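So you can see what is in the structure, the chains are spelled out below.
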Amino acid sequence: MGTKRRFSATAVAAAILGASLIPNLAFLAYAEKASYSFERDGASTVSFGGQTARLKMADELYDGMNSNESTADALLQQFQEGTGFADPSLDEAGKDGKNVAGKTASGCLNEENAAAKEKLADMIKDFANNVIPAWNTAAADGSPGVLSDNKRTINVNSKGWEVDQTFQKSLIGAFALDQIVNNYIDACKLDSGTKQDDNTNGVTAEGKPYTSMEHAWDEAFGYLYGQEEDATADLSTPSGSGTLLNKYLKKVSAGDVAPGISDDVFKAFVAGRQAIVDGDYAARDAQAKIIKVDLSKVIGAMVVNYLEAYLEEKADTPADAIHSLSEGYGFVFSLPFTNDGDGKPYFTQEEVDGILEKMDNFWTIKEEDVQAVIDQVNERFGFSAPAAEEEEAPASSDDGR
Ligand SMILES: *[C@@H]1O[C@H](CO)[C@@H](O)[C@H](O)[C@H]1NC(C)=O
C-alpha cells in the first residue's frame, strides 16, 4: 500500500482548508476516494481472505463440472467440505471450516433455503452419475449425452441442461449475491450482537485491527472483488476475474440494460465503508441500498440476455442455444436471492419455482414461455426493452423498412 494512502482524504483536507469547511468534508472524502483502503493506527483494516478462498473453490468446482474425470463424491466434497482441491491453500481454508455450500442460500435476512442447497447438490450428482457416463452418446429428450453444432459441443443431462452452466449461474445468486445483499451489507449482520456499539466506540474484534462491523462490510466486498489482483485499485470497472458475480457485473455494466453500474457499485462500497468508519449508519445503509439494487440488476439483466440469446440462436445453432438457455436457467434460479433495497427479492421463491417448472425440460420448452419470462423480468426490474428505445430514436434513421 503506497504512502499516499496513509492519510485519509478527510485529514489532509482538514489540515489544508481549516476547520470551517468540516461539514462538507465527509462528502469530499466520499467523492474523491477511489480506493478501497482503510487503516487504523497505520495498519490496514481490510481483510477478506476467506471470501477469496471460497470464490476460488467455486472456480475449481466449475472446472470439475466440465470434466469427465470427476466423481460425485469428489465434487460434493469440494462443495460441502471445502477440501479436495488442486490448490493446497483452498484445502487449508476448507479445513478451517470454509466452503461454498455453507454460505449458499443462507444469508441472515432470510431463512436458510435448504431446498436450493439440495438442488445444487442434485446438479452435481446428476452431472457425475448421468452426464459423464453418456459423454460420447448423442443426447435426446430423456437421455443425457452430447450436443453439437458448428459453434459449440456441450454435454447435457436427460432434460437437456448443460449442468455446469445451470450450477455455476445458480451459485452467482444463491451464493455470491446472497452473501452480499442478504447478509454482509444488511443490518441483520452489520448490527448483530454488539457490533454497532463496538463500532461506534472503536472496539476492535479480538486480536484484529478492525471492528466486527468493518469486517462484515469487507467480507461483502470480498465476495465481489476478492479475486482482483489489486483490491485497493480503482475498481469502478472491475477486471471480471473469476466465474461468479464480478464477471457478470463487468458484463452488465458494459451492456445497454444497466450501463455503468459497476462504477456506482464500487463507489457505494467505498462510501459505505467510510460511513462505518465515521459511525454514520444512515449513510452506510443508503450505500448498502445502492449495492443491493445494482447487484440484483446483474441477475435480471443476465436472465434477459441469455433467454434472448436462446431464442435467437435456436434455429441455426441449437447446441449454442442450449448453452445460453442453461445459463439463463441458472440466473432465473438466482432471482429469489436478489434484494430490491427494502429487503425483498425481485421475484419470490414461489414465483421462481413456477417459472422453473415451465423451463424444466429444454427439449420441450415453449418459446412463448421463455418470452414471458423475459417480459416479466424486464418489467419487474424496470428495464426498458431495446425495441422501445429504438422507437424513441429520431426518425432520421428510418430507412423505409
Ligand atoms: C472424456 O473427455 C474427452 C474430451 O472431451 C474425450 O476425448 C474422452 O473420450 C472422454 N472420455 C470418456 C471416457 O468419456
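Residues numbered from 1 in each chain as written. Predicted model: local features only at pLDDT ≥ 70, side-chain atom pairs only at ≥ 80, totals over all residues. Heavy atoms only, no water.

- Under an unreviewed UniProt entry, the name given to the protein is DUF4856 domain-containing protein, and the source organism is Chloropicon primus.

**A word on helix α16 (residues 367-381)**
Item 1. If you check α16, its first and last C-alpha atoms are 21 Å apart, about what 15 residues at 1.5 Å a residue would give, namely 21 Å.
Item 2. Packed against the buried residues of α16 are α13 (281-313), α14 (318-334) and α15 (349-358).
Item 3. Within two residues after α16, Gly-382 carries a phi angle of roughly 75°, on the positive side. (Helix = DSSP H or I, 4+ residues; strand = E, 2+ residues; numbered from the N terminus. Expected span 1.5 Å × (residues − 1). Contact = heavy atoms within 4.5 Å.)

**Structural notes on the packing of aromatic side chains**
Item 1. Considering all chains together, one arrives at 19 aromatic pairs under this definition.
Item 2. Ring centres of Phe-79 and Phe-167 lie 5.7 Å apart, and the angle between their planes is 70°; this geometry places the pair in the edge-to-face category. Of this pair, Phe-79 sits in helix α4 (residues 72-81) while Phe-167 sits in helix α7 (residues 163-184); the two residues are 88 residues apart in sequence, bridging distant segments of the chain. The burial state of Phe-79 is the same as that of Phe-167; both residues are buried.
Item 3. Note on Tyr-184 and Tyr-223: the rings are 6.2 Å apart at their centroids and 20° apart in plane angle, and the pair reads as stacked. In this pair, Tyr-184 is assigned in helix α7 and Tyr-223 in helix α10 (residues 212-225), connecting sequence segments 39 residues apart. Neither Tyr-184 nor Tyr-223 differs from the other in exposure class; each is buried.
Item 4. Within the aromatic cluster, the residues linked to one another by ring pairs are Tyr-36, Phe-38, Phe-48, Trp-217, Phe-221, Tyr-225, Phe-266 and Phe-269. (Phe/Tyr/Trp six-rings, centres within 6.5 Å; stacked < 30°, edge-to-face > 60°. Buried < 20%, exposed > 50% of the residue type's maximum accessible area, 1.4 Å probe, protein only.)

**Regarding the side chain of Asp-218**
Item 1. With respect to the helices and strands, the residue Asp-218 is situated in helix α10.
Item 2. Of the polar contacts made by the side chain of Asp-218, one reaches the side chain of Tyr-36; its length is 2.6 Å.
Item 3. Excluding residues that lie within four positions of it along the chain, Asp-218 makes contacts with Tyr-36, Thr-45, Val-46, Ser-47, Phe-48 and Arg-273. (Polar contact = N/O pair within 3.5 Å; in protein donor to acceptor, adjacent residues only side chain to side chain.)

**A look at the pairing of strand β4 (residues 153-156)**
Item 1. Strand direction decides the pairing type here: strand β3 (residues 145-148) and β4, joined by four bridges, are antiparallel. Directly across from Leu-147, in β4, lies its bridge partner Ile-154.
Item 2. Between β3 and β4, which follow one another and run antiparallel, lie four residues. (Pairing = 2+ DSSP bridges.)

**Considerations on the nonpolar core**
Item 1. Formed by 106 residues in total, the largest nonpolar core has its most connected members in Ile-180, Phe-269 and Leu-295.
Item 2. For this core, the element with the most residues is α13, which contributes 14 residues. (Core = buried A, V, L, I, M, F, W, Y, C linked by side-chain atoms within 4.5 Å.)

**Focus on the site of the ligand**
Item 1. In the vicinity of the ligand, the contacting residues are Asn-68, Trp-135 and Asn-136.
Item 2. Here an oxygen atom of the ligand and a side-chain polar atom of Trp-135 are 3.2 Å apart.
Item 3. One nitrogen or oxygen atom from the side chain of Asn-136 is found 3.3 Å from an oxygen atom belonging to the ligand.
Item 4. Protein burial of the ligand: of its 360 Å² of free accessible surface, 33% is covered by the chains. (Near = heavy atom within 4 Å. Areas by Shrake-Rupley, 256 points an atom, 1.4 Å probe, with all protein chains shown as cover.)

**A look at the side chain of Thr-232**
Item 1. By the element assignment, Thr-232 lies in the loop between α10 and α11 (245-254).
Item 2. Relative accessible area serves as the criterion here: at 16%, Thr-232 is assigned to the buried category.
Item 3. Only 2.6 Å separates the side chain of Thr-232 from the side chain of Asp-230, close enough to count as a polar contact.

**With respect to the packing of α10 against α13**
Item 1. Running from N to C, α10 and α13 cross one another at 15°; their axes reach a closest spacing of 13 Å. The angle between the axes of α10 and α13 places the two elements in the roughly parallel class. Crossing handedness for the pair α10 and α13: left-handed. In this structure, α10 uses Met-213, Trp-217 and Leu-224 to contact α13, whose residues at the interface are Tyr-281, Arg-284, Ala-288, Ile-291 and Leu-295.
Item 2. Looking at the contact of α10 with α13, its residues break down into seven nonpolar, no polar and one charged. (Axes fitted to C-alpha atoms, helices over the stretch in contact; angles between N-to-C directions. Parallel < 35°, antiparallel > 145°, perpendicular 65-115°, else oblique. Left-handed = near helix turned anticlockwise from the far one by under 90°. Nonpolar A, V, L, I, M, F, W, Y, C, P; charged D, E, K, R; others polar.)

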